[in-house]
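Each chain, letter by letter, is given below.
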Amino acid sequence: MTICEKKSMHCQFAQELSELEAVRAFVRFSCDALQLHQEPFIHAAELATHEAFMNIMLHGGTLESSPIIIECERQKEGLSLRLFDKGNGNFSPKAPVMPPPDVERGRGLAIIFSLVDKVEFTQKSKMCEWNQLHLFKKCGPS
Amino acid sequence: MTLPHIVTDQVLVITIPEDKLDASNASNTKTQMAALYTSYQLPRVVLNLEKLIFIDSAGIGTLISFVKSLREKGGDLKLASMTKPVRSIFELVRLHKLFESYPSDKDAVQAFKI
């Protein structure tokens, strides 16, 4: 894990279910280090990142041996969360409708879009580059 | 490992023993809940969530699957002792419309008698 002037932090994770807890711990640790202490904000950032990580694992078209890098950056109005991967997957920029309560699957993306204020996907243009999924969450009033 | 559970007034009360129900343990939890139902044949179930502080879309899917299977058998699943972060996710995904939630096991068991 790297800390750059306490404004951003990044960490690399293997594509394994056992990493999910570490992903959440990293986001929580980063929020704390970046002076974002409101529990509902931290929980939302944790869950959005967790679901995004899962989405890349399941649908990102990446090799299992390829890592996912997560970067947390404090910005003036909130927190930027960037997930980098080398897969061939795509990501719809359109917010999906939350499935009805009795439907078992398909909530991951809807949860991400509900928890953060901005979702952007930049697809790599060359094999050697990284895709970037950018989530931005505004800070609420303290 | 079997999930902690007791039977009271013909209601199966299961406790989720971990602080998370996510993609890493949802499948195992689903299997264990189904096994407990098979053992006791009691379709009225209370799930104690007092230790649970994190649930993701996979964990949510597990609870929906379980409640649907119980309702098909004429039973139901009621939730007890839900923590604040889990309640906020339930409200976000509108799951509070699917489940009845009670402050304690005792209240949830009592609700089956009404």
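Cut-offs and rules
- Residues numbered from 1 in each chain as written.
- Chains lettered and ligands numbered in written order.
- Predicted model: local features only at pLDDT ≥ 70, side-chain atom pairs only at ≥ 80, totals over all residues.
- Heavy atoms only, no water.
- Phe/Tyr/Trp six-rings, centres within 6.5 Å; stacked < 30°, edge-to-face > 60°.
- Helix = DSSP H or I, 4+ residues; strand = E, 2+ residues; numbered from the N terminus.
- Buried < 20%, exposed > 50% of the residue type's maximum accessible area, 1.4 Å probe, protein only.
- Lys NZ or Arg CZ within 6 Å of the ring centre and 35° of its normal.
- Contact = heavy atoms within 4.5 Å.
- Pairing = 2+ DSSP bridges.
- Axes fitted to C-alpha atoms, helices over the stretch in contact; angles between N-to-C directions.
- Left-handed = near helix turned anticlockwise from the far one by under 90°.
- Nonpolar A, V, L, I, M, F, W, Y, C, P; charged D, E, K, R; others polar.
- Buried area = accessible area lost by both parts, 1.4 Å probe.
- Salt bridge = Lys/Arg side-chain N within 4 Å of Asp/Glu carboxyl O.
- Polar contact = N/O pair within 3.5 Å; in protein donor to acceptor, adjacent residues only side chain to side chain.

Caption draft 1: Here's a closer look at the packing of aromatic side chains. All names here are of chain A. Per the counting criterion, the structure on display carries 5 aromatic pairs over all chains. With a centroid separation of 6.2 Å and 85° between ring planes, the pair formed by phenylalanine 13 and phenylalanine 53 is classed as edge-to-face. Of this pair, phenylalanine 13 sits in strand β2 (residues 8-13) while phenylalanine 53 sits in helix α2 (residues 39-59), and the two are 40 residues apart along the sequence. Accessibility expressed as a relative area gives 4% for phenylalanine 13, which makes it buried. With centroids separated by 6.3 Å and ring planes inclined at 20°, the aromatic side chains of phenylalanine 91 and phenylalanine 113 adopt a geometry described as stacked. With phenylalanine 91 in the loop between β4 (78-85) and α3 (108-115) and phenylalanine 113 in helix α3, this pair connects stretches of sequence that are 22 residues apart. Since its relative accessible area comes to 8%, phenylalanine 91 is described here as buried. Owing to a relative accessible area of 17%, phenylalanine 113 belongs among the buried residues under this scheme. Each member of the aromatic cluster is reached from another via a ring pair, and the members are Phe13, Phe26 and Phe53. One Lys or Arg, lysine 118, reaches over the ring of phenylalanine 136 and ends 5.9 Å from the middle of that ring.

Caption draft 2: Representation of α3 of chain A within the structure. With 6 of its 8 residues buried, α3 of chain A lies for the most part within the structure. The complete set of buried residues in α3 of chain A reads Gly108, Ala110, Ile111, Ile112, Phe113 and Leu115 of chain A. Residues of α3 of chain A that are buried make contact with α2, β5 (118-122) and β6 (131-138) of chain A together with α2 (57-72) and α3 (84-92) of chain B.

Caption draft 3: Structural context of the sheet that holds strand β2 (residues 11-15) of chain B. All names here are of chain B. Ordered in space as β1-β2-β4-β6-β7, the 5 strands form an open sheet in which the pairing is mixed. Looking at which strands have only one partner, the edges of the open sheet turn out to be β1 (5-8) and β7 (100-102). Neighbour to neighbour, the strand axes of the sheet diverge by 25° on average, direction disregarded. Taken together, the 4 bridges between β1 and β2 define a ladder with antiparallel strand orientation. Bridging across to β2, valine 7 finds its partner in leucine 12. Packing of helix α1 (residues 26-40) onto the sheet brings it into contact with β1, β2 and β4 (44-48), and relative to β2 it is tilted by some 155°.

Caption draft 4: Just the packing of α2 of chain A against α3 of chain A, in detail. Residue and element names in this part refer to chain A. It is at 9 Å that the axes of α2 and α3 come closest, and there the two elements cross at 145°. The hand of the α2/α3 crossing is left-handed. Judged by residue contacts, Ala44, Leu47, Ala48, Glu51, Ala52 and Asn55 of α2 engage Gly108, Leu109, Ile111, Ile112 and Leu115 from α3. Within the contact of α2 with α3, the residues separate by chemical class into 8 nonpolar, 2 polar and 1 charged.

Caption draft 5: How the structure looks around the interface of chain B and chain A. Across the boundary between the two partners, chain B contributes 24 residues, which contact 20 residues of chain A. Taken over both partners, the interface formed by chain B and chain A buries close to 1800 Å², and the fraction arising from carbon and sulfur atoms is 63%. A per-residue breakdown of the area chain B buries against chain A is headed by Phe54, Ser57 and Leu92 of chain B, which together make up 28% of the total. On inspection of chain B and its partner chain A, the count reaches 3 salt bridges. Residue lysine 68 of chain B is joined to glutamate 104 of chain A by a salt bridge in which the shortest nitrogen-to-oxygen separation is 3.5 Å. Inspection of the region where chain B meets chain A yields 7 residue pairs in polar contact (both at pLDDT 80 or more).

Caption draft 6: Molecular detail of unusual backbone geometry. All names here are of chain B. With a phi angle near 50°, aspartate 9 is a residue other than glycine that sits in the positive phi range. Its location among the elements puts aspartate 9 in the loop between β1 and β2. Residue aspartate 9 is classed as partly exposed on the basis of its relative accessible area of 44%. One non-glycine residue, glutamine 41, adopts positive backbone phi at about 55°.

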